[in-house]
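# Residue-level structural notes
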Amino acid sequence: MRSNIDYNKKVLEHFENPRNMGEMKNPDAEATVGNPRCGDVLKIMLKIRDDKIKDIKFQTMGCVAAIATSSMATKIVKGKTINEAKKITNVDVAKALGELPPIKIHCSNLAADALRKAIENWKKFD
Amino acid sequence: MKIYLDNAATTKVYPEVAKKVQELFVDKYGNASSLHSIGTEVRKKIDEARGKIARFIGAEISEIIFTSGGTESNNLALRGLAKANPDKKHIITSVIEHPSILETCKDLEKSGYKIDYIGVNSEGIIDVGEIEKLISENTLVVSIMHVNNEIGTIQPVEKIGKVCKKAEVYFHTDAVQGFKKIDLDIKDINLFSVSGHKIHAPKGIGFLYIKKGTNISAIITGGGQENKLRSGTENVPGIVGLATALDVDNKNNEIKKSRDKIIEGLLKIHGTKINGSMNNRIYHNINVSFYGIEGESLMLMLDKDGICVSTGSACASAKLKESYVLKAIGVEDLYIHGSLRLTLGDDVVGNEDYVINKIKKNVEKLREISPFKFEKIARK
C-alpha cells in the first residue's frame, strides 16, 4: 500500500482549491474521458461564444495530480479561442503546474484529452 | 496534532524499548562472537532475549532464528525449505499474501515449482477444504498468512495446521500482522514469520520460528550464526528491542472500542462499505471504501488534517493499480479506488469523533469534485 508522493506547492494549491470545478447547466459541448476501471475519470463541460471558451467546468474522480491538472487545464483555456484551446497539450498543463512527479505525468494527458474531445464534440454539432 | 492510523505499515518504537536499544548501541556494543568480556556480555543479552521470546510463544530456544524482518523470514521459510527438500516441487499459498510471499513464489515458479494460489471468499477468508484437496505427495509447504495486512482478516491457521500435519506437509504462516495481537496456537505450525517494527520494536529485526525437526537450509551463508541458519553478525540492539517490546501493553480493548466507534460513524456517510469480514478481523483494522472518489486524494487531505492513513489505490502508472486484496474479495471498481486503510494505535483513543468528522468532510469535498454522484446511483 502506497501512502505518499511529493507534490509541489502549486499542484497542492490547485488540488485544494480547484478552479472551474462543478456542474454546468446546458453546456454547448462536453466530453468524458477515462473509465472507472482505470481509476481517473474526467468530465469537461464548455460554453462557447464567438469561437471562444466563455465558460468551462470540470468534474474529476482521481488522484491529486488528476484533480490539479484538471483545474490547471481549465484555467489555461478559459477565455481562449477554440483554435488556441485545442492546441493545449499535456506538456503545457504539466509545465504550468511547475512539475509533476514522474509517475504522475500520465495524469496530465487526461485533461488535455478531455478538452480536445469536448471541442471535437462541439464541432460535430456546429 | 498527528493521529497515526498506519500501524500495519509500521509502529513507533516505545521509549522504554528505545532506551534499551540505545544501551546496546553505545555501551554494550560488542560482537557476540568475540570471546572477550564485551563480546560475552552481548552474547548473554542475545540469549536472554531469545529465551524471553521462546517463553512468550511457548517454543524452545533453538526454534527462534533472528532475521532482518518479515520479508527475510518469509524468504528463509520458503526458499530454505525448497533448498533442503528438492524432491518436492509444489507450494500452496493464497492470492492475498504479502508481496514477500507472492514474489518469492513467483520466483520459485521460474525454477520449476508449481504454485497454487488459492482465492478467498467475499469476506476475505480462505477455504481450508480447498487446501486439503490441493495437497499432494509433491507438496512441499502450505503458506497462508495469519492476518491480512490490508483488510485485517484472520485466517483459520490452526485448522490449516491440522490438515497439513495429517498430510505430513510443512505449514508456514506469515504472522507479521497478528503477532502479539492475537493468540496463536503453534502446536501444528511448523514455521512462522515475525517482524519487530510492527510491534513497537525497531525496523530491521524479526525472526522465523522453525519447529524442531524441520528440514530446512540456510539461504544466507557465512559465519554460521543463528544455528547456521542465518549468518551475519547479530543485530543485538534489534534483538533486545524485539524482546523488550513484548512487554508493551497493546491496549487491545481500548483500541477495539475506538475502532468500532469509528466504523459506526463512517457507515453513516452514504456510499460507504467496510471491506472484509467484521467477525474474523484483527481489532485495530478498518478497511473502508467510499463510492466515487479516489483514495490518494482522500489520504492527502487527511494528512493535512493530521491524520495518517494509507490507501489501496495507487495511481502510479498509465493505469491505476488497485489493491489486489480488494480485487480478490470482489470490491467493485467505483468502491475499490476510494479505499482507505486505518490501522489504529493508542493515540486514536479519545479522538474518534475528530477522525470521523475529518473523513466525512473530505469525502464530501471529493464527491463534490467527482462526476460520480452516489445519490444518482442510489436512486436508480
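As the structure is a computational prediction, the values presented were derived from the model and not from experiment.

The rules behind these values
- Residues numbered from 1 in each chain as written.
- Chains lettered and ligands numbered in written order.
- Predicted model: local features only at pLDDT ≥ 70, side-chain atom pairs only at ≥ 80, totals over all residues.
- Heavy atoms only, no water.
- Contact = heavy atoms within 4.5 Å.
- Buried area = accessible area lost by both parts, 1.4 Å probe.
- Salt bridge = Lys/Arg side-chain N within 4 Å of Asp/Glu carboxyl O.
- Polar contact = N/O pair within 3.5 Å; in protein donor to acceptor, adjacent residues only side chain to side chain.
- Helix = DSSP H or I, 4+ residues; strand = E, 2+ residues; numbered from the N terminus.
- Domains from an automatic or database assignment.
- Axes fitted to C-alpha atoms, helices over the stretch in contact; angles between N-to-C directions.
- Parallel < 35°, antiparallel > 145°, perpendicular 65-115°, else oblique.
- Nonpolar A, V, L, I, M, F, W, Y, C, P; charged D, E, K, R; others polar.
- Left-handed = near helix turned anticlockwise from the far one by under 90°.
- Buried < 20%, exposed > 50% of the residue type's maximum accessible area, 1.4 Å probe, protein only.
- Core = buried A, V, L, I, M, F, W, Y, C linked by side-chain atoms within 4.5 Å.
- Pairing = 2+ DSSP bridges.

To continue, consider the interface of chain B and chain A. Think of interface size as the accessible area that goes away when the parts come together; that is how it is often given. Between chain B and chain A, the contact holds 38 residues from the first and 31 residues from the second. A buried area of about 2,800 Å², summed over both sides, lies between chain B and chain A, and 62% of it is on carbon and sulfur atoms. Lys 104 of chain A serves as the salt-bridge partner of Glu 296 of chain B, at 2.5 Å between the closest nitrogen and oxygen. Here chain B is connected to chain A by nine residue pairs in polar contact (both at pLDDT 80 or more). Taken together, the elements giving at least two residues each to the side of chain B that touches chain A come down to helix H9 (295-304), strand E12 (310-311), strand E13 (313-314), helix H11 (333-336) and helix H12 (352-369) of chain B. When residues in the side of chain B that touches chain A are grouped by element, the largest group, six residues, is from H9 of chain B.

A separate point is the side chain of Thr 10 of chain B. Residues and elements named next belong to chain B. Considering the arrangement of structural elements, one finds Thr 10 in the loop between strand E1 (3-4) and helix H1 (15-26). Side-chain polar atoms of Thr 10 contact the side chain of His 197, separated by 2.6 Å. Beyond its immediate chain neighbours, meaning those up to four positions away, Thr 10 contacts Tyr 4, His 197 and Lys 203.

Let us look at the domain arrangement of chain B. All names here are of chain B. As assigned here, chain B comprises domain 1 (15-245) and domain 2 (250-379). A C-alpha centroid distance of 30 Å is found between domain 1 and domain 2. Between domain 1 and domain 2, the contact holds 25 residues from the first and 19 residues from the second. Taken as a group, Glu 150, Ile 151 and Lys 181 account for 39% of the area that domain 1 buries against domain 2, more than any other trio of residues on that side. Counting the contacts that link domain 1 with domain 2 gives zero salt bridges.

What follows covers the packing of helix H1 (residues 9-16) of chain A against helix H2 (residues 64-77) of chain A. Residues and elements named next belong to chain A. Orientation of H1 relative to H2, taken along the N-to-C sense of each, is 85°, at an axis distance of 8 Å. Classified by the interaxial angle, the pair formed by H1 and H2 is roughly perpendicular. Where H1 abuts H2, its residues Lys 10, Val 11, Leu 12, His 14 and Phe 15 lie against Val 64, Ile 67, Ala 68, Ser 71, Met 72 and Lys 75. Split by residue class, the contact of H1 with H2 holds seven nonpolar, two polar and two charged.

Attention now goes to the packing of helix H2 (residues 37-57) of chain B against helix H7 (residues 236-245) of chain B. In a packed pair of helices, the relevant descriptors are the angle between the two axes and the axis-to-axis distance. Residues and elements named next belong to chain B. Interaxial distance between H2 and H7 falls to 9 Å at its minimum, and their mutual angle equals 35°. Crossing geometry of H2 relative to H7 is assigned as left-handed. Residues Val 42, Lys 45, Ile 46, Ala 49, Lys 52 and Ile 53 of H2 touch H7, and the partners they reach there are Val 236, Ile 239, Val 240, Leu 242, Ala 243 and Thr 244. Here the residues of the contact of H2 with H7 are counted per class, giving nine nonpolar, one polar and two charged.

It is worth spelling out the pattern of salt bridges at this point. Residues and elements named next belong to chain B. Under the criterion given, the structure shown has 27 salt bridges over all chains. Here Lys 256 ties to Asp 260 by a salt bridge, and the two come within 3.1 Å at their closest N and O atoms. Taken together, the positions of Lys 256 and Asp 260, both in helix H8 (residues 252-266) and four residues apart, correspond to about one turn of that helix. Judged by its relative accessible area of 37%, Lys 256 is partly exposed. Residue classification places Asp 260 among the partly exposed residues on the basis of a relative accessible area of 29%. The shortest N-O distance in the salt bridge between Asp 333 and Lys 327 comes to 3.6 Å. It is possible to trace a salt-bridge network through shared partners that takes in Arg 79, Asp 107 and Lys 110.

Moving on to the nonpolar core. Nonpolar side chains in soluble globular proteins tend to be buried together. Grouped together as the largest cluster of nonpolar side chains are 71 residues, with contacts concentrated most on Leu 46 of chain A together with Leu 5, Ile 286, Phe 290, Leu 342, Val 355 and Ile 359 of chain B. Examining the composition of this core, we find that nine residues originate from one element, H2 of chain A, more than from any other. Look past the residues within four positions of Leu 342 of chain B in its chain and what remains in contact with it is Leu 5, His 284, Asn 285, Ile 286, Val 288, Val 309, Val 355 and Ile 359 of chain B.

A few words now on the sheet that holds strand E3 (residues 52-61) of chain A. Residues and elements named next belong to chain A. An order of E1-E2-E3 is seen for the three strands of this open sheet, with the pairing classed as antiparallel. A single partner strand is all that each edge strand has here, and the edge strands are strand E1 (29-34) and E3. Mean inter-strand twist for the sheet, computed between neighbouring axes without regard to direction, equals 15°. Summarising the sheet, E1 and strand E2 (residues 41-49) pair through six bridges and their orientation is antiparallel. Counted as the bridge partner of Gly 34 is Val 41 from E2. Strands E2 and E3 of the sheet are contacted by H2, whose axis makes an angle of about 175° with E3.

A separate point is the sheet that holds strand E6 (residues 170-174) of chain B. All names here are of chain B. Read from one edge to the other, the open sheet built from seven strands follows the order E2-E8-E7-E6-E5-E3-E4, with strand pairing classed as mixed. Each edge of the open sheet carries a strand with a single partner, namely strand E2 (64-67) and strand E4 (114-118). Each adjacent strand pair in this sheet contributes to an overall mean axis angle of 20°, direction not counted. Bridge count for strand E5 (residues 139-143) against E6 is three bridges, and the pairing is parallel. Each bridged residue has a counterpart across the sheet, and for Val 141 the counterpart in E6 is Tyr 170.

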